[in-house]
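Below, each chain spelled out in residue letters.
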Amino acid sequence: MIAIGCDHGGFELKQEILAYLREKGIEYKDFGCDSTASVDYPVYAKKVCKAITDGECEKGILICGTGIGISITANKQKGIRAALCTDCFCAEATRLHNNANVLALGGRVVGPGLAVKIVDTFLHTPFSGEERHARRIRMMEED
(Lines give C-alpha, C1' and ligand atoms only; values in the text may rest on other atoms or scores of the structure.)
Protein backbone atom coordinates (compact mmCIF):
# COMPACT_ATOMS: atom_id res chain seq x y z
CA MET A 1 0.00 0.00 0.00
CA ILE A 2 1.38 3.37 -1.07
CA ALA A 3 0.47 6.62 0.71
CA ILE A 4 0.39 9.63 -1.58
CA GLY A 5 -0.09 13.30 -0.86
CA CYS A 6 0.63 16.68 -2.33
CA ASP A 7 0.04 20.39 -2.06
CA HIS A 8 -1.43 22.58 -4.80
CA GLY A 9 1.94 22.73 -6.60
CA GLY A 10 1.98 18.95 -6.90
CA PHE A 11 -1.69 18.32 -7.63
CA GLU A 12 -1.40 17.89 -11.40
CA LEU A 13 1.61 15.59 -11.16
CA LYS A 14 -0.20 13.57 -8.49
CA GLN A 15 -2.98 12.89 -10.99
CA GLU A 16 -0.44 11.44 -13.43
CA ILE A 17 1.08 9.25 -10.73
CA LEU A 18 -2.34 8.04 -9.56
CA ALA A 19 -3.12 7.01 -13.15
CA TYR A 20 0.15 5.04 -13.25
CA LEU A 21 -0.61 3.34 -9.91
CA ARG A 22 -4.11 2.37 -11.09
CA GLU A 23 -2.76 1.09 -14.43
CA LYS A 24 -0.19 -1.10 -12.64
CA GLY A 25 -2.69 -2.33 -10.05
CA ILE A 26 -0.69 -0.83 -7.17
CA GLU A 27 -2.87 -0.12 -4.14
CA TYR A 28 -2.69 3.38 -2.71
CA LYS A 29 -4.33 5.77 -0.27
CA ASP A 30 -4.66 9.37 -1.41
CA PHE A 31 -4.24 11.80 1.47
CA GLY A 32 -4.91 14.93 -0.64
CA CYS A 33 -4.90 17.66 -1.60
CA ASP A 34 -7.79 17.63 -4.02
CA SER A 35 -7.31 20.74 -6.18
CA THR A 36 -4.90 23.47 -7.22
CA ALA A 37 -6.24 25.81 -4.50
CA SER A 38 -3.42 26.95 -2.22
CA VAL A 39 -2.80 24.69 0.79
CA ASP A 40 0.05 24.07 3.24
CA TYR A 41 2.28 21.11 2.34
CA PRO A 42 3.16 20.15 5.95
CA VAL A 43 -0.44 18.99 6.48
CA TYR A 44 -0.17 16.41 3.68
CA ALA A 45 3.40 15.38 4.44
CA LYS A 46 2.44 14.59 8.03
CA LYS A 47 -0.63 12.57 6.97
CA VAL A 48 1.42 10.43 4.57
CA CYS A 49 4.21 9.93 7.11
CA LYS A 50 1.77 8.94 9.84
CA ALA A 51 0.25 6.30 7.55
CA ILE A 52 3.73 4.83 7.07
CA THR A 53 4.86 4.95 10.70
CA ASP A 54 1.51 3.50 11.84
CA GLY A 55 1.99 0.59 9.41
CA GLU A 56 -1.07 1.46 7.32
CA CYS A 57 1.13 1.97 4.24
CA GLU A 58 4.55 0.61 3.26
CA LYS A 59 5.94 3.60 1.33
CA GLY A 60 4.91 7.14 0.46
CA ILE A 61 5.04 9.61 -2.39
CA LEU A 62 4.93 13.33 -1.65
CA ILE A 63 4.75 16.13 -4.21
CA CYS A 64 4.94 19.90 -3.86
CA GLY A 65 6.12 22.59 -6.26
CA THR A 66 9.83 21.82 -5.88
CA GLY A 67 9.69 18.81 -3.57
CA ILE A 68 11.98 20.61 -1.13
CA GLY A 69 9.56 21.79 1.56
CA ILE A 70 7.53 18.60 1.61
CA SER A 71 10.70 16.46 1.89
CA ILE A 72 12.06 18.59 4.73
CA THR A 73 8.76 18.20 6.58
CA ALA A 74 8.73 14.44 5.99
CA ASN A 75 12.29 14.01 7.24
CA LYS A 76 11.39 15.67 10.53
CA GLN A 77 9.01 12.75 11.27
CA LYS A 78 10.54 9.89 13.28
CA GLY A 79 10.95 6.72 11.21
CA ILE A 80 10.80 8.50 7.86
CA ARG A 81 13.60 8.62 5.33
CA ALA A 82 12.41 10.83 2.50
CA ALA A 83 14.44 11.38 -0.64
CA LEU A 84 13.88 14.17 -3.13
CA CYS A 85 14.64 12.60 -6.51
CA THR A 86 14.89 14.21 -9.91
CA ASP A 87 16.11 11.17 -11.84
CA CYS A 88 15.96 7.37 -11.82
CA PHE A 89 19.55 6.96 -10.64
CA CYS A 90 18.77 8.83 -7.40
CA ALA A 91 15.53 6.88 -6.91
CA GLU A 92 17.38 3.59 -7.29
CA ALA A 93 20.31 4.63 -5.10
CA THR A 94 18.13 5.90 -2.26
CA ARG A 95 16.27 2.59 -2.11
CA LEU A 96 19.45 0.47 -2.40
CA HIS A 97 21.53 2.52 0.04
CA ASN A 98 19.13 4.39 2.34
CA ASN A 99 16.05 2.16 2.30
CA ALA A 100 14.10 5.40 1.83
CA ASN A 101 10.41 4.96 2.54
CA VAL A 102 9.19 8.24 1.04
CA LEU A 103 9.81 9.60 -2.44
CA ALA A 104 9.52 13.37 -2.82
CA LEU A 105 8.99 14.98 -6.21
CA GLY A 106 8.73 18.53 -7.49
CA GLY A 107 5.60 19.03 -9.57
CA ARG A 108 7.14 22.12 -11.17
CA VAL A 109 10.54 20.46 -11.65
CA VAL A 110 9.95 16.97 -13.06
CA GLY A 111 7.63 16.31 -16.00
CA PRO A 112 5.02 13.55 -15.87
CA GLY A 113 6.88 11.06 -18.08
CA LEU A 114 10.07 11.21 -16.03
CA ALA A 115 8.13 11.32 -12.75
CA VAL A 116 6.38 8.04 -13.56
CA LYS A 117 9.75 6.42 -14.36
CA ILE A 118 11.16 7.71 -11.07
CA VAL A 119 8.14 6.36 -9.17
CA ASP A 120 8.46 2.99 -10.91
CA THR A 121 12.16 2.78 -10.04
CA PHE A 122 11.54 3.78 -6.42
CA LEU A 123 8.71 1.31 -5.91
CA HIS A 124 10.47 -1.64 -7.54
CA THR A 125 13.99 -1.29 -6.15
CA PRO A 126 14.60 -3.24 -2.94
CA PHE A 127 16.96 -2.24 -0.14
CA SER A 128 20.34 -3.89 -0.74
CA GLY A 129 20.65 -5.01 2.87
CA GLU A 130 24.41 -4.51 2.73
CA GLU A 131 25.94 -4.11 6.18
CA ARG A 132 27.51 -0.71 5.45
CA HIS A 133 24.14 0.68 4.36
CA ALA A 134 22.28 -0.90 7.28
CA ARG A 135 24.91 0.55 9.65
CA ARG A 136 24.47 4.03 8.20
CA ILE A 137 20.69 3.82 8.51
CA ARG A 138 21.07 2.81 12.18
CA MET A 139 23.36 5.79 12.67
CA MET A 140 20.80 8.12 11.07
CA GLU A 141 18.06 6.84 13.35
CA GLU A 142 20.01 7.14 16.60
CA ASP A 143 18.64 9.70 19.04
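These remarks concern the structure in this document. Computed from a predicted model, the values in this text were never measured in an experiment. (Residues numbered from 1 in each chain as written. Predicted model: local features only at pLDDT ≥ 70, side-chain atom pairs only at ≥ 80, totals over all residues. Heavy atoms only, no water.)

The next point concerns the overall build of the protein chain. Scanning the protein chain from N- to C-terminus turns up six helices and five strands. Starting at the N terminus and walking to the C terminus, you meet the elements of the protein chain as β-α-β-α-β-α-β-α-β-α-α. The C-alpha radius of gyration computed for the protein chain amounts to 14 Å, which stays within 12% of the reference 15 Å derived for 143 residues, consistent with globular compactness. Counting over 143 residues, the protein chain shows a buried share of 45%. Long-range pairs, those at least 24 residues apart, make up 69% of the contacts in the protein chain between residues at least 6 apart in sequence. With an accessible surface of roughly 7200 Å², the protein chain has 51% of that area assigned to carbon and sulfur atoms. For the protein chain, the separation between the mean place of its 18 positive charges and that of its 19 negative charges on side chains is 3 Å. (Helix = DSSP H or I, 4+ residues; strand = E, 2+ residues; numbered from the N terminus. Rg over C-alpha atoms; globule rule 2.2 N^0.38 Å. Buried < 20%, exposed > 50% of the residue type's maximum accessible area, 1.4 Å probe, protein only. Contact = heavy atoms within 4.5 Å. Areas by Shrake-Rupley, 256 points an atom, 1.4 Å probe, with all protein chains shown as cover. Lys, Arg positive; Asp, Glu negative; His and termini not counted. Charge placed at Lys NZ, Arg CZ, Asp CG, Glu CD.)

Here we have five strands laid out as an open sheet, ordered β2-β1-β3-β5-β4, and parallel in their pairing. Edge positions in the open sheet fall to β2 (28-30) and β4 (82-84), since each of these has one partner strand only. With direction set aside, neighbouring strand axes in the sheet form an average angle of 20°. When β4 meets strand β5 (residues 102-106), the two strands line up parallel, connected through three bridges. Its bridge partner lying in β5, Ala83 is registered against Leu103. With respect to the sheet, helix α3 (residues 68-75) is in contact with β1 (2-6), β3 (59-64), β4 and β5, its orientation differing from that of β3 by roughly 140°. Those strands touched by helix α5 (residues 112-124) are β1, β3 and β5, and its axis lies near 170° from that of β5. (Pairing = 2+ DSSP bridges. Axes fitted to C-alpha atoms, helices over the stretch in contact; angles between N-to-C directions.)

Under the counting rule described, the total for this entry stands at zero aromatic pairs. Sitting over the ring of Phe122, Arg95 keeps its end group 5.8 Å from the ring centre. (Phe/Tyr/Trp six-rings, centres within 6.5 Å; stacked < 30°, edge-to-face > 60°. Lys NZ or Arg CZ within 6 Å of the ring centre and 35° of its normal.)

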